[in-house]
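For reference, the chains in residue letters:
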Amino acid sequence: MGAYSKAHRDGTLTLSAQVSAVDGSRHVTAHGTGSVLTPETLGRRVADELLAQGAEMILSTVRQRPSAGS
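These numbers were taken from a predicted model, which means no experiment stands behind them.

About the thresholds
Residues numbered from 1 in each chain as written. Predicted model: local features only at pLDDT ≥ 70, side-chain atom pairs only at ≥ 80, totals over all residues. Heavy atoms only, no water. Pairing = 2+ DSSP bridges. Helix = DSSP H or I, 4+ residues; strand = E, 2+ residues; numbered from the N terminus. Axes fitted to C-alpha atoms, helices over the stretch in contact; angles between N-to-C directions. Contact = heavy atoms within 4.5 Å.

J.: I'd like a description of the sheet that holds strand S3 (residues 27-35), backed by residues and values.
T.: The strand order S1-S2-S3 describes an open sheet built from three strands, whose pairing is antiparallel. Looking at which strands have only one partner, the edges of the open sheet turn out to be strand S1 (2-7) and S3. For this sheet the average axis-to-axis angle between neighbouring strands, irrespective of direction, equals 10°. By the bridge criterion, nine bridges tie strand S2 (residues 12-20) to S3 in an arrangement that is antiparallel. Across the sheet, residue Thr14 finds its bridge partner in S3, namely Thr33. Sheet contacts for helix H1 (residues 39-52): S2 and S3; angle to S3, the most-contacted strand, approximately 155°. Strand contacts of helix H2 (residues 55-64): S2 and S3, with the helix running at about 50° to S2, the strand carrying the most contacts.

In short, shape yes, function no, at least from these values alone.
Written out as structure tokens, the structure is:
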């Protein structure tokens, strides 16, 4: 999982996010633009888009994997 955001001089904030399977077999991405005054709104909108594309399934698979130290 990763995300990158950037605040722009015009008061907008852009956000790009991705969720990927550990083996790279599946990934989903989402992008959005919002106001720097309401970053939570933008974050939720992008997260909802990721979930709609199947991010929860990818994350549940990652959560089930044994850790490297186990």
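What follows continues from the structure just given.
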